[in-house]
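Chain by chain, the residues:
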Amino acid sequence: MKHVVIIDESPIFREYLRIKLADAGLEVSVAINGLDGIAKIRNNMPDLVIIDYHLSRQSCTEVLKEKKQNPNTASIPVIVMAQRIDQKKIIELVQYNVKKVFTKPIKIDAIFATLAELLQVHFDLDDTPSIMEVHVNDNILFIEIAQGLNREKLDLLRFKIMELIDLYDIRVPKIIVMLSDIKLSFADATNLQKLLDTVLQASRAKTRNIRILTKDDFTQKFIAGRKEYDGIEVSSNLQYALEGLLAEMDGTTEFGEKKAEIISEKILQAEETAAPESVLLKFGAEEARKTLTIEDMRERMENMLIAAVDDDFVIQELVKTTFEQVGATVESYPDGESFLNTIGSKNYDILFLDLLMPKVDGFKVLQELKARDIKLPIIVLSAVTQRESVIRAFQAGVKSYLIKPLKPMEILKKTMEVVRPTM
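Each chain carries its own residue numbering, running from 1 in the direction its sequence is written. Local features in this predicted model are restricted to residues of pLDDT 70 or higher, and side-chain atom pairs are both shown and tallied only at a pLDDT of 80 or more, whereas totals for entire chains, interfaces and linings draw on every residue. Remark: hydrogens and water are excluded; side-chain values derive from all non-hydrogen atoms of the structure.

Q: Can you explain the overall build of the protein chain? Please cite residues and give values.
A: In this text, helices come from DSSP runs of H or I with a minimum length of four residues, and strands from runs of E with a minimum of two, each type numbered from the N-terminal end. When its secondary structure is counted, the protein chain shows 16 helices and 17 strands. Exposed residues in this analysis have more than 50% of their type's maximum accessible area, buried residues have under 20%, and partly exposed residues fall in between, with area computed by a 1.4 Å probe over protein chains only. Classification of the 423 residues of the protein chain by burial places 54% in the buried group. Summarising the internal contacts of the protein chain: among those between residues at least 6 apart in sequence, 70% fall at separations of at least 24. Residue burial considers only the protein chains on display, and all accessible areas are found by Shrake-Rupley using a 1.4 Å probe. Total accessible area computed for the protein chain in this model is approximately 19,000 Å², and 46% of it derives from carbon and sulfur atoms. Throughout, a residue-residue contact means that at least one pair of heavy atoms, one from each residue, lies within 4.5 Å.

Q: Requested: an account of helix α14 (residues 362-371), with residues and values cited.
A: Among all positions of α14, only Gly 362, Phe 363, Val 365, Leu 366 and Leu 369 are buried. Angular distribution of buried residues about the axis of α14 spans 160°; they occupy a single face of the element. Pointing more than 90 degrees away from the buried face of α14 are the exposed residues Gln 367 and Ala 371. Within 3.5 Å is the distance limit for a polar contact, defined as a pair of N or O atoms, with the added protein rule that one can donate a hydrogen and the other accept it, and that residues adjacent in sequence qualify only through two side-chain atoms. Where α14 begins, one side-chain oxygen reaches toward the backbone nitrogen of Phe 363, 3.1 Å away; that side chain belongs to Asp 361. Just downstream of α14, Asp 373 is the residue with a positive phi angle, here 60°. Note: the arc covers the axis-to-C-beta directions of the helix.

Q: Could you give an account of the confidence of the model for the protein chain, with specific residues and numbers?
A: Confidence per residue, as judged by the predictor, is encoded in pLDDT with a range of 0 to 100. When pLDDT is averaged along the protein chain, the result is 82; 82% of the residues meet or exceed 70. Here strand β12 (residues 280-281) stands out as the least confident element of the protein chain, with mean pLDDT 38; strand β1 (residues 3-7) is the most confident, with 97. Predicted confidence for residues 247-267 stays below pLDDT 50, and this span has 46 contacts to residues more than four positions away or in other chains. Within the model, the stretch residues 269-290 combines pLDDT values under 50 with 73 contacts to residues more than four positions away or in other chains.

Q: Hey, could you go over the sheet that holds strand β8 (residues 140-146) for me, with residue numbers and the actual values?
A: The strands making up a sheet associate through backbone hydrogen bonding, with each pair oriented either parallel or antiparallel. On the basis of which strands lie adjacent, the open sheet formed by five strands has the order β7-β8-β9-β10-β11 and mixed pairing. Each edge of the sheet is formed by a strand with only one pairing partner; in this case those strands are β7 (131-137) and β11 (233-235). Each strand axis lies, on average, 15° off the axis of its neighbour in the sheet, ignoring direction. Interaxial angle, 0 to 180 degrees, is taken between N-to-C directions of lines fitted to C-alpha atoms, where a helix line uses only the stretch in contact. Packed onto the sheet, helix α7 (residues 189-203) meets β8, β9 (175-180) and β10 (210-213) and runs at close to 155° relative to β9. The pairing criterion is simple: DSSP has to find at least two bridges between the two strands.

Q: Tell me about the nonpolar core, residues and numbers included.
A: Throughout, nonpolar core names a set of buried Ala, Val, Leu, Ile, Met, Phe, Trp, Tyr and Cys residues whose side chains join them through atoms within 4.5 Å. Core analysis: the largest hydrophobic core is formed by 56 residues, its most contacted members being Ile 143, Leu 195, Phe 323 and Phe 352. With seven residues, the single largest contributor to this core is α7. Those residues in contact with Phe 352, other than ones at most four positions away along the chain, are Ile 306, Ala 307, Ala 308, Val 309, Val 319, Phe 323, Ile 379, Leu 381, Leu 402, Ile 411 and Thr 415. One finds Val 4, Leu 26, Val 28 and Ile 108 within the second-largest nonpolar core, a separate group that totals 24 residues.

Q: Which residues make up helix α6 (residues 151-167), and what are the values?
A: Expected span of a helix: the number of residues minus one, times 1.5 Å. With 17 residues, α6 extends 25 Å from end C-alpha to end C-alpha; this agrees with the ideal 24 Å at 1.5 Å per step. Buried residues dominate α6, accounting for twelve of its 17 residues. Restricting attention to buried positions, one finds in α6 the residues Glu 152, Lys 153, Leu 154, Leu 156, Leu 157, Phe 159, Lys 160, Ile 161, Glu 163, Leu 164, Ile 165 and Leu 167. Between the side-chain oxygen at the start of α6 and the backbone nitrogen of Glu 152 there is a gap of 2.8 Å, and the oxygen is on Asn 150. Directly beyond the C-terminal end of α6, a positive phi value near 50° is found at Asp 169.

Q: Tell me about the sheet that holds strand β17 (residues 401-404), and name the residues and values.
A: Taken in spatial order, the five strands of this open sheet run β14-β13-β15-β16-β17, and their pairing is parallel. Strands at the two margins of the open sheet, each flanked by one partner only, are β14 (329-333) and β17. Shown here is a sheet whose adjacent strand axes are inclined to one another by a mean of 20°, direction ignored. Two elements, strand β13 (residues 305-309) and β14, share five bridges in a ladder whose sense is parallel. Looking at β14, one finds that Ile 306 is bridged to Val 330. In the packing of α14 onto the sheet, the strands contacted are β15 (350-354) and β16 (378-383), and the crossing angle to β15 comes to about 145°.

Here is the structure:
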C-alpha cells in the first residue's frame, strides 16, 4: 500500500486530503507542523510528501533539506502548496525533488491529476462547477454558494464551519445559506441533502436558527417535505431571512434591512446555464481554537505586512498596537491617494480600509485596485451610522467588515478568518 505524508497546519485542507486519499486506498500520515513533518517522513518512508510552504517549528525548506540529507528519503517526490511564492523560491525548491508547486486557491482537479500521475491511483472527483465562500459578520455565519453543489466543496464546508464557530466562540450558531445562480432538480437531491446535513451537523445549530436564501423552487419543496429540516426557513428575501438574527446589532435592524435589500438584488438571480469554471479551494485556511492566545496568533501572523488606510489617527494607532502584539508590521495611510501611490511597490498581506476619507475615499481605492488587477484580502472599517457606505462596499464585492469602535481581539479574529498568515 502506498503511503503519503501530509504536512499542513490547516485542518481544513489537511483533513480533506487525508479523507480523499484514504478513500482511494492509500495509507496517510498527517503532520501539524514542520518538526512533526520531519519525524513522520523519517519514520514512515512515504511514497509522496505533500507540504505547505509556510510552517511553524521548522520551515518548509528546513524540512526538505533534512529529507534530502537522508539517503533513504532524498528521492521521495514532493508537492508544495503556497498562497504566495515568487519564482526564485520555486526554482530553489527543484533541488529537493519538488515535482509541483500549487498556489492557493488550489484547483482541485489539477492537484488530483498530479496525485494520480505520481501515485498511479484513480480518484473519483466531483467536477460540478461551484463557488463557495464562508464568512462571519455580526456573529452570523454566511455561507454563499454559486453555480452548483459540489461534493468536494461540501466536504470542505464541514471543516470551515467548525473552525469559524470555534474562532469566534459562537455559542448559539445562526446561519444564512445563500444560494446564488443555482437551479436544482431531482438529480441534485443527494447533494442538497448533503449540504443541509453538513450545515446542521458541523454547526450544531437548531433548525430555527438556519435560513436558506434562494429563488429555486426545488430547494423550497425539498426542505418543506422533510421532517428533519422542520424549522429551517426558506426565503427569497434576505431582509426576511435576517429577521431576528441581527437583533444584537446596535439594538436596531435597520442596517441589516438596508444590507438585505442590496444583497437580495445582487445574489439571487438564478440562470439556466452557467459558464464552466474550475473547482477552486477558495477557503482561507486558519487553524482555529476555542481559546486563542496572543502566542497562538503570533505563530500565524508574525512578519505579516498590513496596510491601514484611515484618516482617523486613533484608528491607525489602534491597528498598529494591535498587530505589534503578534509581531506584524502595519503601514498607515491617511487617505486612499497616498496608499494607491505606494501599493505598486508593496506586497501587503491584508488591507484595512476606511470608506469615507478625504482626497481619495475607500470606494475609489476599491475601484482602482480592481482596475489594476491587484488582489488582496480587504477588511472594510465602518461606523454603524454609515449604512449607505457599507451597502456600496457590498456592491463592490467586499464581504468582511468591522464596525467602529474597533476592539483589538475582534481585529485579530477577523484577520484570522480572512487570511491565513502562515501560508
